[in-house]
Amino acid sequence: MSFETLGLASEILRAVAEQGYREPTPIQRQAIPVVLAGRDLMASAQTGTGKTAGFTLPLLQRLSQQQPPSKGRRPVRALILSPTRELAAQIGENVLAYSQYLPLRSLVVFGGVSINPQMMKLRGGVDILVATPGRLLDLAQQNAVDLSKVEILVLDEADRMLDMGFIHDIRRVIAKLPVKRQNLLFSATFSDEIKQLANKLLHDPASVEVARRNTASEQVTQHVHLVDKKRKRELLSQMIGVGNWQQVLVFTRTKHGANHLAEQLNKDGISAAAIHGNKSQGARTRALADFKAGSIRVLVATDIAARGLDIDQLPHVVNFELPNVPEDYVHRIGRTGRAECTGEALSLVCVDEHKLLRDIERLLQKQIPRIALPGYEPDPSIKAEPIINGRQRVNTTERSRKNRAQPAQQPHSTGKPRRTNSQRQNKA
Ligand code: AMP
């Protein structure tokens, strides 16, 4: 099947061809006709499946078929909500690329940067607005944006939005929209909470589903290297050097861990930068641009900062530390093996993390093959230490300062680790 047979306008086909897309991905094949027909949509698809074009292309077509009001400033007719700034920025880039031959204006707004330029641009009139919920509400409160003419609402990564505690913000945004509109909901997972939201939001939705690419994860070669915690950095540097890896995304559990590792890699002569929630938006954007351009080899990230990152043909993902939540492993390795490419995911696992590894393998329903670089065998005399709220015990003083409210305990002894909203947000 080609994009032509989906009935998209020639301006859109031209933009798609310039992106180098030869044929629609499964989610695009299923979602585009539904959206073009004006129906509500509930789509189960992860980042990496081509879902952004799946909703953007037909949305552009629908907007361009209807003339905006000739008088007054252009009203926002399509609103795309995203949980994170990075994802919003990426959606915005895609919207811009796909709409380049159409007379439509788009804008991305998110927090962490000055609100005034966003207000100025909105004043000029915008057809498509990509936004994170908090900043959108700030803008609405200051009467800088009118949402009463929205025809199409897209909730992207709805599961993450709920995980990050955005449900009230989403409800407040929805209350500002006209009742009659088209709604598109994208989510990687469908918990009861998401189903409840979908029931309230969607009218007679078409349901489309594409295989979670990373539970199958055929395109990602996965390996585990068992190694002592204090030798992980050395092993990582060696693997990057020996393999001559030029673009590596490395995950740590904590912001501090990300900073520390990036510093150490730079000292080893491997150019690296860290991204996480404590970094300014400017620093995050710069690090990502440098990484994409190839001027830094290693990007060290926490889970939430990396969520939805779209890096074309990223060949290597390294779990410097395993995530506390097994599903995050799947999200992490989903950064590689995107579209048609293959990728490699390597996890450096120390004795403290064996329980986490078992949880991940249970979720994947398979064992991840072990590899070993000689000279890095774990020392059997080292005993496991607990991981508390993602942090490894550094020393007694630090632990007692940080976890005074939380007595040291085996956090995983009560079954599946759980994470609260505030922990998730702190973590990024
Ligand atoms: P997404 O799931 O929207 O984040 O898209 C993942 C990646 O796939 C992005 O880099 C897109 O540019 C790319 N992509 C989207 N649609 C196609 C397509 N039909 N063919 C090849 N690559 C695509």
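Just so it is clear, the model here is predicted, and its values are computed rather than measured.

**Focus on the overall build of the protein**
Then, in step 1: Looking only at helices and strands, one finds 18 helices and 16 strands in the protein.
Then, in step 2: Evaluated residue by residue, the protein yields a buried proportion of 54% over its 428 residues.
Then, in step 3: Considering only contacts within the protein whose residues lie at least 6 apart along the sequence, 76% involve residues at least 24 apart.
Then, in step 4: For the protein, the accessible surface area stands at approximately 19,300 Å², while carbon and sulfur atoms represent 49% of it.

**A closer look at the environment of Arg 335**
Then, in step 1: Following the sequence through the fold, Arg 335 ends up in the loop between α15 (326–333) and β13 (343–349).
Then, in step 2: Between the C-alpha atoms of Arg 335 and Gln 313, which are 22 residues apart in sequence, the distance is 9.1 Å.

**A look at the environment of Glu 93**
Then, in step 1: With respect to the helices and strands, Glu 93 occurs in helix α4 (residues 85–98).
Then, in step 2: The class for Glu 93 is partly exposed, based on a relative accessible area of 48%.
Then, in step 3: It is 8.8 Å that separates the C-alpha atoms of Glu 93 and Val 108, two residues lying 15 residues apart in sequence.

**Some points on the sheet that holds strand β1 (residues 41–44)**
Then, in step 1: The strand order β3-β4-β2-β5-β6-β1-β7 describes an open sheet built from 7 strands, whose pairing is parallel. Both outer strands of the open sheet, β3 (106–109) and β7 (206–209), are each paired with one neighbouring strand and no more. Taken pair by pair, the neighbouring strands of this sheet meet at an average axis angle of 15°, ignoring direction.
Then, in step 2: As paired strands, β1 and β7 are joined by 4 bridges and run parallel to one another. The residue of β7 that forms the bridge with Ala 43 is Val 208.

**Overview of the pattern of salt bridges**
It is possible for side chains bearing opposite charge to pair when their charged atoms get close.
Then, in step 1: For the structure shown, the criterion picks out 18 salt bridges.
Then, in step 2: The salt bridge partner of Asp 156 is Lys 51, with a shortest N-O separation of 2.8 Å. Linking Asp 156 in the loop between β5 (152–155) and α7 (158–163) with Lys 51 in helix α3 (residues 51–65), this pair joins segments that are 105 residues apart in sequence. Like Lys 51, Asp 156 is buried.
Then, in step 3: Asp 303 is paired through a salt bridge with Arg 332; the nearest N and O atoms lie 2.7 Å apart. In this pair, Asp 303 is assigned in helix α14 (residues 303–306) and Arg 332 in helix α15, connecting sequence segments 29 residues apart. Note on accessibility: Asp 303 and Arg 332 belong to one class, buried.
Then, in step 4: The network of salt bridges with common partners includes Lys 51, Asp 156 and Glu 157.

**Here we look at unusual backbone geometry**
Then, in step 1: With a phi angle near 45°, Asp 204 is a residue other than glycine that sits in the positive phi range.
Then, in step 2: Its location among the elements puts Asp 204 in the loop between α9 (192–201) and β7.
Then, in step 3: For Asp 204, a relative accessible area of 62% translates into the label exposed.
Then, in step 4: Backbone geometry places Asn 244, a non-glycine residue, at a positive phi of 50°.
Then, in step 5: Inspection of the secondary structure assignment puts Asn 244 in the loop between α11 (232–243) and β9 (248–251).

**Notes on the side chain of Arg 297**
Then, in step 1: Turning to its location among the elements, Arg 297 is positioned in the loop between α13 (281–293) and β11 (298–301).
Then, in step 2: The buried charged residue Arg 297 lacks any salt bridge, with Asp 268 as its nearest oppositely charged partner at 11 Å.
Then, in step 3: Discounting residues that sit within four places of it in the chain, Arg 297 has contacts with Ile 240, Asn 244, Trp 245, Gln 246, Gln 247, Val 248, Ile 270, Ser 271 and Phe 291.

**Section: the packing of α11 against helix α12 (residues 255–267)**
Then, in step 1: Here α11 crosses α12 at 50°, and the two axes come no closer than 11 Å. The pairing of α11 with α12 is recorded here as oblique in orientation. Of the two possible hands of crossing, α11 and α12 adopt the one that is right-handed. Facing Arg 233, Leu 236 and Ser 237 of α11, the residues of α12 in contact are Leu 261, Gln 264 and Leu 265.

**What to know about helix α16 (residues 354–364)**
Then, in step 1: For α16, the full list of buried residues reads Leu 356, Leu 357, Asp 359, Ile 360, Glu 361 and Leu 364.
Then, in step 2: Two residues or fewer past α16, Gln 365 is found with a positive phi of approximately 60°.

How each quantity is defined
- Residues numbered from 1 in each chain as written.
- Predicted model: local features only at pLDDT ≥ 70, side-chain atom pairs only at ≥ 80, totals over all residues.
- Heavy atoms only, no water.
- Helix = DSSP H or I, 4+ residues; strand = E, 2+ residues; numbered from the N terminus.
- Buried < 20%, exposed > 50% of the residue type's maximum accessible area, 1.4 Å probe, protein only.
- Contact = heavy atoms within 4.5 Å.
- Areas by Shrake-Rupley, 256 points an atom, 1.4 Å probe, with all protein chains shown as cover.
- Pairing = 2+ DSSP bridges.
- Axes fitted to C-alpha atoms, helices over the stretch in contact; angles between N-to-C directions.
- Salt bridge = Lys/Arg side-chain N within 4 Å of Asp/Glu carboxyl O.
- Lys, Arg positive; Asp, Glu negative; His and termini not counted.
- Parallel < 35°, antiparallel > 145°, perpendicular 65-115°, else oblique.
- Left-handed = near helix turned anticlockwise from the far one by under 90°.

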